[in-house]
Structure formats: C-alpha cells, structure tokens
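Secondary and tertiary structure notes
The lines below spell out each chain.
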Amino acid sequence: MYVTRFAPSPTGPLHLGNALSAYTGWTRARNNGGTFLLRIEDIDTSRCRPEHEAAARADLAWLGLDWDGTVLRQSERGAVYAWAIARLRVMGLEYPCFCSRADIAAAASAPHGPDGPIYPGTCRHLSDTERSRRMAGEAFAWRLDVAAALAITGPLTWHDSEAGPVHADPAAGGDVVVGRKAIGVSYHLAVVVDDAAQSVTEVVRGADLFEATHVQRLLQALLGLPTPSYHHHPLLTDSEGRRLAKRDGAPTLAALRAAGVDPAAVRSALDAARAAPATPWRLGEFGLPSHL
Ligand code: GLU
C-alpha cells in the first residue's frame, strides 16, 4: 500500500514550489491507489501561525488536492518526540551543546552545509562535570554524536526514485541538534518519528531536502523505525536557473486564486514542470502571471 504525505510548515502562504510538492505527492498516491496525508509541521511556535495552516488547507482544496484521514499536527506530539530524544540520550548518543549560532559561525574551521555552518564539535569533548555545571545555568541544545551513532549502525543506504541507491553520509552534516529547550524537537527527529507514525512508504519532497535525508536515515536506524523510499523532485527555477522563491516574488496560490486564475491551469503548469524537470519555468507560457 502506497502512502505519502505533504508536510508544510505554516510559516507563510503556500507558493508554487510548495504546490509542486503537494501535487507530485497527491498524483503519485492517486495513481497508485494509495494514501495522501497532510501533516502540519508547526513545531517552531515562534514562526508558525494557525491562519497559515487554515490558508494552506484552503489552497490545497482550491487546487483540487484532497487528503486522506486526519491531519497530523506536530505541535500536539511533544510527548512522542520527548520519548525519541530520551531514547537517544539513554543510548549515550546525545550531548549538551552550549554554543550560540554566533559561536559556531565564528569557529574558524566551520565548513558550510545546506543549513549553514557545520557544527565543529566544540561541546562534544566537555567532561561530565563541566556539562552538569553548565546545564544548571545555561541554555543548551541536545546534539547527536554522529560518529558514535554510525559506529553502532554501520554503513546505511536509502533509495531515491531519481538518484537510485544512495550511501547515507550523515557525518557530512556534522552533529545535528535533535532537541532544544524552546522548540523541543528538531525538524529531523520530528520528521523521522512522524513518517513512521503515519506509515509513510514514500517521502515526496523537493530536492532542497535531499541532503537532509542522510541524517534522517541515521535517526531511523537508531530508533528502530522503518525507512521509506524517497522521491526528491527537481525544484522550479526561473529563466536564470534560480530556485523560484517567495522572496523573489514567485506567486502564492492565494494570489493566483485572488487573480481569478483557473486551478486547472495551475495543475497543467505543474504537470508540464514534472514532465520536463530541468526546464526553467516561464509562468507566462501557462497563462499564469509571473509576479503578483
Ligand atoms: N516542513 C518541511 C518544509 O515545509 C518539509 C519537510 C519534509 O517534507 O520532510 O519545508
């Protein structure tokens, strides 16, 4: 049984890039007699807003995309994530990190990954006494000791429908944060726990999240969770090859709707993008306004 999900973070209105993820997942589910689920990734309560969730649901409905079953909302699942964080800690795979973003950026040798500078491992070597002393008074995040984790799991692979078998390389992303005080759980850990809870068989999402899969595969192995297969679809780009992004004026679905655009035209445009993924998107060719 094929199961996939669309997992928006309600931090703003859905744009055409989000629509491509949703439409790709929905199409693959409906063509396979499968299930298409909606998950609201609202763990970061400082940035997520209920009105964006409501708007996302309305946008999907306007586009003609229906979802199955109940909507899973990450803000309601703190206890499950706390279990996962505790389990990794009991396995001896987490350590408290007291570094600020500025500390990490300033570390001379810090190379950059897709999420910014890679953590240089500063707090991995603190003594237990030092950790206890600082945890009593300082803010900290729990980080995954990736090398120690890989020593337990051994080499890992995952399957991508575009790239084929992929050797997981979580070490390239450094010791990621799995939990912190304000947000509780990290994006990576919540996604892995929820894909398993929702019995997702194929994760459909944009190629910008391809690199995130390495550490997510590691977390699945550590927590004894099944590994879905992956379909990372190419991103929509403008005629200069730049990713279509809301900040550059890429239309939101709400704006297209307000401008009276026919949702069938949007779906045709998304079909064309799926059929010719490397082609820059010229919205005008599909009767869509390029800026609204
Ligand atoms: N919530 C993530 C986003 O909106 C997507 C996570 C995922 O599909 O794994 O970018």
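These figures come from a predicted structure and were not determined experimentally.

Focus: the environment of arginine 180
- Secondary-structure assignment places arginine 180 in strand β10 (residues 177-180).
- Taking the C-alpha atoms as reference points, arginine 180 and phenylalanine 140, separated by 40 residues in sequence, lie 6.6 Å from one another.
- Among residues more than four places away in sequence, those in contact with arginine 180 are Phe140 and Ala141.

Observations concerning the sheet that holds strand β1 (residues 3-6)
- Pairing is parallel across the open sheet formed by three strands, whose spatial order is β1-β2-β3. Looking at strand neighbours, the two that pair on one side only are β1 and β3 (72-73), the edges of this open sheet.
- Helix α2 (residues 50-63) contacts β1, β2 (35-40) and β3 of the sheet and is inclined by roughly 155° relative to β2.
- The sheet contacts of helix α7 (residues 187-197) involve β1, β2 and β3, and relative to β2 the element is tilted by about 145°.

Section: the environment of alanine 86
- Considering the arrangement of structural elements, one finds alanine 86 in helix α3 (residues 78-90).
- For the pair alanine 86 and alanine 151, spaced 65 residues apart in sequence, the C-alpha separation works out to 19 Å.

Some thoughts on the packing of helix α1 (residues 16-31) against helix α10 (residues 263-275)
- Direction vectors running N to C along α1 and α10 enclose 80°, while the axes themselves pass 10 Å from each other. Here α1 is positioned roughly perpendicular relative to α10, judged by the angle of their axes. Across from Leu16, Ala19, Leu20, Tyr23, Thr24, Thr27 and Arg28 in α1, the residues of α10 making contact are Val266, Arg267, Leu270, Asp271 and Arg274.
- Per-class residue counts for the contact of α1 with α10 are six nonpolar, two polar and four charged.

Comments concerning the state of the cysteines
- This model, assessed by the stated rule, comprises zero disulfides.
- Cysteine 97 carries a free sulfur, and the closest cysteine sulfur to it, the one in cysteine 99, is 4.0 Å from it.
- The exposure class of cysteine 97 is buried, given its relative accessible area of 3%.

Quick look at helix α8 (residues 212-223)
- Given a rise of 1.5 Å per residue, twelve residues ought to cover 16 Å, and the 17 Å separating the end C-alpha atoms of α8 matches this to within 8%.
- Taking burial as the measure, the twelve residues of α8 include eleven buried ones, the bulk of the element.
- Considered for burial, the residues of α8 that qualify are Ala212, Thr213, His214, Val215, Gln216, Arg217, Leu218, Leu219, Gln220, Leu222 and Leu223.
- Phi for glycine 224, located one or two positions after α8, is positive at around 70°.

Remarks on the sheet that holds β10
- Taken together, the three strands give an open sheet; going across it, the order is β4-β7-β10, and neighbouring strands pair in antiparallel fashion. The open sheet terminates on both sides in strands that have one partner only, identified here as β4 (94-97) and β10. Between one strand axis and the next, the sheet turns through 30° on average, direction left out of account.
- Of the strand pairs in this sheet, strand β7 (residues 141-144) and β10 are connected by three bridges, and their pairing is antiparallel. For arginine 143, the partnering residue across the bridge sits in β10 and is valine 177.

Each value, and the rule that gives it
- Residues numbered from 1 in each chain as written.
- Predicted model: local features only at pLDDT ≥ 70, side-chain atom pairs only at ≥ 80, totals over all residues.
- Heavy atoms only, no water.
- Helix = DSSP H or I, 4+ residues; strand = E, 2+ residues; numbered from the N terminus.
- Contact = heavy atoms within 4.5 Å.
- Pairing = 2+ DSSP bridges.
- Axes fitted to C-alpha atoms, helices over the stretch in contact; angles between N-to-C directions.
- Parallel < 35°, antiparallel > 145°, perpendicular 65-115°, else oblique.
- Nonpolar A, V, L, I, M, F, W, Y, C, P; charged D, E, K, R; others polar.
- Disulfide = S-S within 2.5 Å.
- Buried < 20%, exposed > 50% of the residue type's maximum accessible area, 1.4 Å probe, protein only.
- Expected span 1.5 Å × (residues − 1).

Structural measurements only, silent on function.
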